[in-house]
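Residue-level structural notes
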Amino acid sequence: MATRVAVTACLAMIMLFAGSIAAQDLTWRAYGQLTEGRHHFNAHYIGDGMILVFGGQVGAGSILDGSATKNCEIIDLKTDEVYPTLPMNEVHSVCPFVVDRDGAPIVIGGGTDVVERFDLRSRTWRRLGTLQRSRWQHAAAWLSQNEILVVGGFGDQSAEVFNVSTGQSRSLPDFPYAANSMRGVSRTGESPLFFGFRDGGPGSTRSDRAYAYSESAGWYTTVQFPDAAVRPEVLTLRNGVVVAVSGAVSESPFRTSRAVSALPISGNDSISVIGSLRFGRQHHAIAEFQTGRVLVAGGFGDDAVYLGSTEFVDVARRVVTNGPDLITARSSFQLVSARYNGRLVAVAISGLTTDGTTNTIEILELCSGNNEGAPIGELSYNGDARREGADISLT
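Details of the pairing of strand β17 (residues 169-172)
Sheet topology note: the strand β16 (residues 159-163)/β17 ladder contains 4 bridges and is antiparallel. If you follow E160 over to β17, its bridge partner there is S171. Hairpin connection of β16 to β17: 5 residues between the antiparallel strands, including G167 at a positive phi of 75°.

Looking at the layout of surface pockets
Take a probe with the size of a water molecule and roll it over the atoms, and the empty space left behind shows itself. In this structure, the second largest pocket spans a volume of roughly 150 Å³. In terms of lining residues, the second largest pocket is bounded by 15 residues, among which V241, A262, L263, I265 and V315 are the most central. Residues belonging to the lining of the second largest pocket are distributed by class as follows: 9 nonpolar, 4 polar and 2 charged.

Quick word on the sheet that holds strand β30 (residues 310-314)
Read across the open sheet, the 4 strands follow the order β28-β29-β30-β31; overall the sheet is antiparallel. Each end of this open sheet is capped by a strand with a single partner; those strands are β28 (285-290) and β31 (319-323). Within the sheet, the average angular offset between the axes of one strand and its neighbour, ignoring direction, is 25°. As defined by bridge partners, strand β29 (residues 293-297) adjoins β30 across 5 bridges and the pair is classed as antiparallel. Across the sheet, residue A297 finds its bridge partner in β30, namely T310.

Details of empty space enclosed by the protein
In total, this model carries 1 cavity of 30 Å³ or more according to the counting rule given. The wall of the largest cavity is formed by 18 residues, among which F225, D227, A229, P232 and S246 lie closest to the centre. Residue contributions to the lining of the largest cavity peak at 3 residues, all from strand β26 (residues 259-263). A breakdown of the residues in the lining of the largest cavity according to their chemical character gives 10 nonpolar, 5 polar and 3 charged.

Section: the environment of S181
One can find S181 in the loop between β17 and β18 (183-187). A C-alpha to C-alpha distance of 9.0 Å links S181 and F195, two positions 14 residues apart in sequence. Ignoring any residue separated from it by four or fewer positions in sequence, one finds S181 in contact with Q137, G196, V230 and R231. A distance of 3.1 Å separates a polar atom in the side chain of S181 from a polar atom in the side chain of N180.

Some remarks on the sheet that holds strand β8 (residues 72-76)
One open sheet holds the 4 strands; their spatial order is β4-β5-β8-β9, and the pairing between them is antiparallel. Of all the strands in the sheet, the pair left with one neighbour each is β4 (42-47) and β9 (81-85). On average, each strand axis in the sheet is inclined to that of its neighbour by 25°, with strand direction left out of account. In this structure, strand β5 (residues 50-54) lies alongside β8, joined through 5 bridges in antiparallel fashion. When the bridges of β8 are listed, V53 appears paired with E73.

Concerning the confidence of the model for the chain
Across the chain, the average pLDDT comes to 88, with 86% of residues at 70 or higher. Below a pLDDT of 50 lies the segment residues 1-24, which in the model reaches 54 contacts outside its immediate sequence neighbourhood of four places, other chains included. Predicted confidence for residues 368-395 stays below pLDDT 50, and this span has 58 contacts to residues more than four positions away or in other chains.

Parameters at a glance
Residues numbered from 1 in each chain as written. Predicted model: local features only at pLDDT ≥ 70, side-chain atom pairs only at ≥ 80, totals over all residues. Heavy atoms only, no water. Pairing = 2+ DSSP bridges. Helix = DSSP H or I, 4+ residues; strand = E, 2+ residues; numbered from the N terminus. 1 Å grid on protein atoms, 1.4 Å probe; cavity = no way out; pocket = protein on both sides within 12 Å on 5 of 7 lines; lining within 4 Å. Points joined across faces, edges and corners; volume = space filled by probe spheres on them. Nonpolar A, V, L, I, M, F, W, Y, C, P; charged D, E, K, R; others polar. Axes fitted to C-alpha atoms, helices over the stretch in contact; angles between N-to-C directions. Contact = heavy atoms within 4.5 Å. Polar contact = N/O pair within 3.5 Å; in protein donor to acceptor, adjacent residues only side chain to side chain. pLDDT = per-residue confidence, 0-100.

As structure tokens, this is what we get:
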């Protein structure tokens, strides 16, 4: 006689990626609130169950206003608490950050010329040095072990290389365009790529090409994207694959790309289009929820409508599926994934809503236990075990 063993909630949620259950079986829940709602800020998982939230614009009623802040907060997954921590030395907003070999974030400019690093042990910010000029809406990527290539900004086509060891910066030849909202991606053994920019305000020139720099050739074009999308969200997966998701292709009217692309890891590769989202987006957020599976959430859709929808992109299978809706439709927020103490979570943090900035935090939890999970169709069954719908039968 067979003994029926019910599949846990964790396994049931994993089935989402096999298309076996509805997206609503995986649900966002309210988690907490920041002291200050903010947009165009940064957030990073710093280990030990803690997410660091830093900088951005506070007190905003829309995407075009607010005051830059130096304040920081911690989202503590161990205690389920949210609390302020020591601020940065300067305000930083609408700016990139990079992560060093120790996993520490380094924030670069953003209404200032200052570069700062967060010390993971003391949980304090240390000023590393200064750029040659103040920048915002710029891009940055590691050029070498100690050097960060910093490019562009609003109305700015200059480029420089900042050395994290010396705190000094040296000039490079100008980028071919003034470039704001651009993305930078580091590549091992290759020059970083820069793309996804426009050269001014709404309706200004944009490019569907990525650019790289070498001492011998200067700036040169590399791969071509399926469209000239501005401010795509970009993520390097744990296996080294880099994905670029969506972005805006025009502002009047506001229209978005639905393309999801994989960028070349080596210089001779070309862009690979993985799939198409149901909703194109800009000012959205992405995170690697499970290995090789990217969660895409929120943002502005066509006609600048706030989106609460989410989608999962299975990069290896080139499959896009619907995810569970956020509780609050939001844009210009952060989405951080973390694996801590057997919990695999995605945390949607603050951002803009139709009513201005929100300080709310939402969490999506896949399962408890240490199994990150795989689609149920990939599970192997030994002996007399067999799958029966949402159960596994054992004899």
